[in-house]
Amino acid sequence: MGFALFCTIVDILLLLLALCSPCKFIQSPMDFRPLSFLQSTNTSSLDFGRIKFNSPAAVLRPQSPKEISLLLSFLSASSFSKVTVAARGAGHSIHGQAQALDGVVIEMDSLASNISIHKGTEFSPSYADVSGGALWIELLEEGLKFGLAPRSWTDYLYLSIGGTLSNGGISGQTFKYGPQISNVLQLDVVTGKGDQVTCSPTENSELFYAVLGGLGQFGIITRARILLQDAPQKVKWVRAFYDDFNTFIEDQELLVAMPNVVDYVEGFMLLNEQSLQSSSLAFPSHLEFNREFYSKSSHNVYFCIEFAIHDYQAKSTNVEQVVTEISRKMSYIPSHFYSVEVSYFDFLNRVRGEEVHLRSRGLWEVPHPWLNTFVPKSGIKDFKDLLLDKISPSDFEGLVLMYPILRDKWDTNSSAVLPDAGEAGEEVVYTVGVLRSANPATCSAQCLSDILLCHRRVAQAASSPRIGAKQYLPHHLSQSHWQHHFGRRWDQFMARKAQFDPRHILGQGIILPGTKAPRP
């Protein structure tokens with residue numbers, strides 16, 4: 001054994017003693033060469049949800065995947081260690097999934113982005129190799145230099161590559177290209193045992209599919225190979241408004257049935273005037289609404305469909321004419337159809353403007369008790385009724401997203417969970433995001449607790465056979481609820497856990513046999 005390796009082993013054994021000791025004597029940065037640990041950072045116990053604030057015993061800011069491998073290898077080999085590890089990308093989790101109470105947080109943004117663009121040929125696709133800690137906005141900016149971009153996105157681009165691939169990665173393009181996890185060609189992963197593995201659909205495929213949508217339970221993504229396509233110059237961005245739920249749903253399904261001409265479809269519910277105003281921040285066109293919309297005596301709920309068509313500036317295509325032809329098939333409120341042309345970059349980065357606006361008002365860094373669900377088409381009306389029965393539209397702060405995705409665009413080998421197709425084999429599934437904010441100036445700690453309880457009750461009722469919903473970015477408080485979430489795939493999940501992380505070092509969110517349930 002070389003002297004350097006011996007010293008590394010001794011150093012990490014000392015770290016294990018420090019982490020496992022009931023006396024938290026880590027009071028300053030620790031230099032366990034070649035790994036340097038911090039006691040904490042400003043972000044290690046913080047996430048976008050601002051609901052959980054679990055402090056780790058140490059923070060690793062790795063300079064290479066090898067450092068992650070060293071840490072996990074020694075933790076996995078230790079017979080007395082109960083230390084848990086969480087990888088933190090951009091920290092956009094809601095319920096502390098990127099935190100590690102008295103464990104180790106690995107801050108992935110310390111890794112170099114290392115974005116490498118590969119232009120395809122007639123016989124091979126274009127792709128990008130990128131670090132798991134890089135942000136999607138970085139990949140977009142680099143790809144556009146070559147006229148290329150990923151096919152599938154999230155609404156907000158300041159999220160890490162590894163973070164969204166560990167969950168799913170969805171937006172208005174999902175109906176057409178599938179989620180981000182369906183647009184990956186290859187991964188480099190450090191497993192819970194510390195093994196550094198390159199995997200793909202044809203090489204180490206079990207790990208590849210386990211990690212995609214695997215909630216960080218099987219390994220940490222350190223590099224991803226993302227499928228790219230030619231990027232359009234412009235986007236025709238359209239919004240149409242509705243006062244009837246069934247018509248709103250029918251028109252969305254009409255649009256996703258036209259993937260050859262429509263490139264993006266999302267919808268949302270407008271519960272009050274605040275919802276209307278906040279949803280209009282990103283749209284660069286004046287929306288004119290008559291006074292019947294949210295007058296003081298009105299408690300109407302409205303709906304909006306947002307769709308987009310890519311404009312490659314080809315002479316053979318008249319995008320304006322395409323929009324006109326599509327609009328003739330739709331049944332929106334007369335005079336409430338709006339369209340605008342924007343650059344492709346500005347369209348994809350549209351939520352950034354909302355972030356800047358909310359930050360200027362001190363409303364970005366507030367609690368976000370979000371609830372995200374996948375709802376079968378057959379249960380979407382019941383889910384809407386359930387939601388409106390449990391929440392008060394008049395004082396709701398935020399937005400409710402509701403739009404269709406298609407089951408056949410998801411790879412069933414991945415760890416991501418969709419609702420059962422049922423006897424009818426339903427192809428359409430709805431994404432519903434209750435994207436709520438809790439401004440401390442108007443919502444006390446008790447108010448926040450009440451919202452969380454309300455969302456748990458909605459999620460529990462929606463998971464019944466009558467609706468059949470499954471949580472996206474799931475958060476459950478007992479092992480039985482997790483088993484119900486995975487359903488018939490629970491045994492597969494446990495088998496993959498035993499294979500790739502047998503000591504249960506990775507992941508904070510899932511209640512496994514022998515582990516303690518968290519507080520609500």
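What you see is a predicted model, and the numbers here were worked out from it, not measured in a lab. (Residues numbered from 1 in each chain as written. Predicted model: local features only at pLDDT ≥ 70, side-chain atom pairs only at ≥ 80, totals over all residues. Heavy atoms only, no water.)

Participant: For this particular structure, what's the right way to read the nonpolar core?
Facilitator: Most often, soluble globular proteins have nonpolar side chains that are buried together. Core analysis: the largest hydrophobic core is formed by 86 residues, its most contacted members being Ile 161, Leu 165, Leu 187 and Ile 226. Per-element accounting of this core gives the leading share, 5 residues, to helix H6 (residues 205–211). Each residue touching Ile 226, except ones within four places of it in the same chain, is listed here: Ser 126, Tyr 127, Ala 128, Val 130, Trp 136, Leu 139, Pro 150, Ile 161, Leu 165, Asn 183 and Val 184. Residues Val 301, Phe 383, Leu 387 and Cys 454 belong to the second largest nonpolar core, which totals 45 residues. (Core = buried A, V, L, I, M, F, W, Y, C linked by side-chain atoms within 4.5 Å. Buried < 20%, exposed > 50% of the residue type's maximum accessible area, 1.4 Å probe, protein only. Helix = DSSP H or I, 4+ residues; strand = E, 2+ residues; numbered from the N terminus. Contact = heavy atoms within 4.5 Å.)

Participant: Sorry, what's going on with helix H7 (residues 245–256) here?
Facilitator: Residues spaced three or four apart along an α-helix point in a common direction, a consequence of the helix completing one turn every 3.6 residues. With 12 residues, H7 ought to run about 16 Å at 1.5 Å a step, and its terminal C-alpha atoms sit 17 Å apart, in line with that. All buried positions along H7 are accounted for by Phe 245, Thr 247, Phe 248, Ile 249, Asp 251, Gln 252, Glu 253, Leu 255 and Val 256. For H7, the capping residue at the N-terminal end is Asp 244, with a side-chain oxygen 3.3 Å from the backbone nitrogen of Asn 246. (Expected span 1.5 Å × (residues − 1). Polar contact = N/O pair within 3.5 Å; in protein donor to acceptor, adjacent residues only side chain to side chain.)

Participant: I keep staring at the sheet that holds strand S17 (residues 398–406) and nothing clicks. Help me out?
Facilitator: Adjacent strands of a sheet form backbone hydrogen bonds with each other and so pair up, either parallel or antiparallel. In spatial order, the strands read S15-S12-S14-S13-S17-S18-S16-S19; together these 8 strands make up an open sheet with antiparallel pairing. Of all strands in the sheet, those bounded by a partner on one side alone are strand S15 (337–343) and strand S19 (470–471). The sheet contact formed by strand S13 (residues 264–270) and strand S14 (residues 302–311) spans 7 bridges and is antiparallel. By the bridge assignment, Gly 267 is partnered in S14 with Ile 305. (Pairing = 2+ DSSP bridges.)

Participant: Even after reading the chapter, I still don't get the pattern of salt bridges, so can you show me in this structure?
Facilitator: Side chains carrying opposite charge are able to pair once their charged atoms draw close together. Enumeration over the complete set of coordinates arrives at 21 salt bridges. In this structure, the salt-bridge partner of Asp 129 is Arg 225, at a minimum N-O distance of 2.8 Å. Here the residue Asp 129 occupies a position in strand S7 (residues 127–131), and Arg 225 occupies one in strand S11 (residues 219–230), the gap between them amounting to 96 residues. In terms of burial, Asp 129 and Arg 225 fall into one category: buried. A salt bridge links Lys 384 to Asp 385; its shortest N-O distance comes to 3.0 Å. You can call Lys 384 buried: its relative accessible area is 12%. Its relative accessible area of 31% is what places Asp 385 among the partly exposed residues. One network of salt bridges, in which partners are shared, links Arg 50, Arg 352, Glu 355, Arg 359 and Glu 365. (Salt bridge = Lys/Arg side-chain N within 4 Å of Asp/Glu carboxyl O.)

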